Structures are given as structure tokens and as C-alpha cells.
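Each chain, letter by letter, is given below.
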Amino acid sequence: MAHTKSGGSTKLGRDSRSQRLGVKRQHGEKVKVGEILIRQRGTKYSAGTNVVRAGDDSLYAMKAGVVNFKTKKKTNFDGSLRFAKEVSVLSSL
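Residues numbered from 1 in each chain as written. Predicted model: local features only at pLDDT ≥ 70, side-chain atom pairs only at ≥ 80, totals over all residues. Heavy atoms only, no water.

A. Layout of the pattern of salt bridges. Throughout the structure, instances matching the rule amount to 5 salt bridges. The residue R25 makes a salt bridge to E35 at a minimum N-O spacing of 2.8 Å. Here E35 lies in the loop between β2 (30–31) and β3 (36–39) and R25 lies in the loop between β1 (22–23) and β2, a separation of 10 residues in the sequence. The exposure class of R25 is partly exposed, given its relative accessible area of 28%. Residue K70 pairs with E86 through a salt bridge whose shortest N-O separation is 3.9 Å. Remark: E86 occurs in strand β8 (residues 81–91) and K70 occurs in strand β7 (residues 65–75); sequence separation between them is 16 residues. For K70, a relative accessible area of 40% puts it in the partly exposed group. (Salt bridge = Lys/Arg side-chain N within 4 Å of Asp/Glu carboxyl O. Helix = DSSP H or I, 4+ residues; strand = E, 2+ residues; numbered from the N terminus. Buried < 20%, exposed > 50% of the residue type's maximum accessible area, 1.4 Å probe, protein only.)

B. Region of the structure containing the packing of aromatic side chains. For the coordinates displayed, the defined rule picks out 1 aromatic pair. Geometrically, the ring pair formed by Y45 and F69 is edge-to-face, given 6.0 Å between the ring centres and 80° between the ring planes. Separated by 24 residues along the polypeptide, Y45 in strand β4 (residues 45–47) and F69 in strand β7 bring together distant segments of the chain. In this structure F69 comes out as partly exposed when scored by relative accessible area, which is 21%. (Phe/Tyr/Trp six-rings, centres within 6.5 Å; stacked < 30°, edge-to-face > 60°.)

C. The arrangement of the pairing of β8 in detail. Looking at chain direction, β4 and β8 are connected through 3 bridges and run parallel. Paired with A47 across the two strands is V87, which belongs to β8. Strand direction decides the pairing type here: β7 and β8, joined by 11 bridges, are antiparallel. Its bridge partner lying in β8, G65 is registered against S91. Connecting the antiparallel pair β7 and β8 is a turn made up of 5 residues, with G79 showing a positive phi of about 95°. (Pairing = 2+ DSSP bridges.)

Right under this line is the structure:
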């Protein structure tokens, strides 16, 4: 007869992996074509010039250059104003 209880299954230990979201390249950094600038869910940051939004809302550089962040006023559907952050890549000459 066994003297220890069975190891059995436990109900603990099932934590999900983090998604590693956030800003990957800061203002003023040089980037190459196709580099990830921001990983996000939804559109916290919008795409400016030389930046494209992917299917999972991530922002990618379309040209080599320098990252530029700026804040713009945008109008909501109900007419109220909001400040939106726009990311663009300025081509380096």
C-alpha cells in the first residue's frame, strides 16, 4: 500500500505569457525599413508619414529614417476634441 498521496493534477500554475506591448523605438532614433516602432492593441498611437499599421495594430517603418512623435488634435464623432499621438518616420538625407 502506498504511503504518499498521489501527485495528481494541480489547479495552479497556469499564468499566460505577457504580450510585450509598448514603444520599441523612441523619438530621434534611427530605424531601418520594416522595423517595429510600436506594439499595441487598438490605436493608442496613430500612423503618420512613412509608417504603416499592421493587422494587430502594430506600427512599422516603411522607410529608413528618424522616428518622430507629435501630438495632434482630432475630432471625435460626437464633435468633442481629443489629443492623439502620431508616429512618423522622417527620411534621413
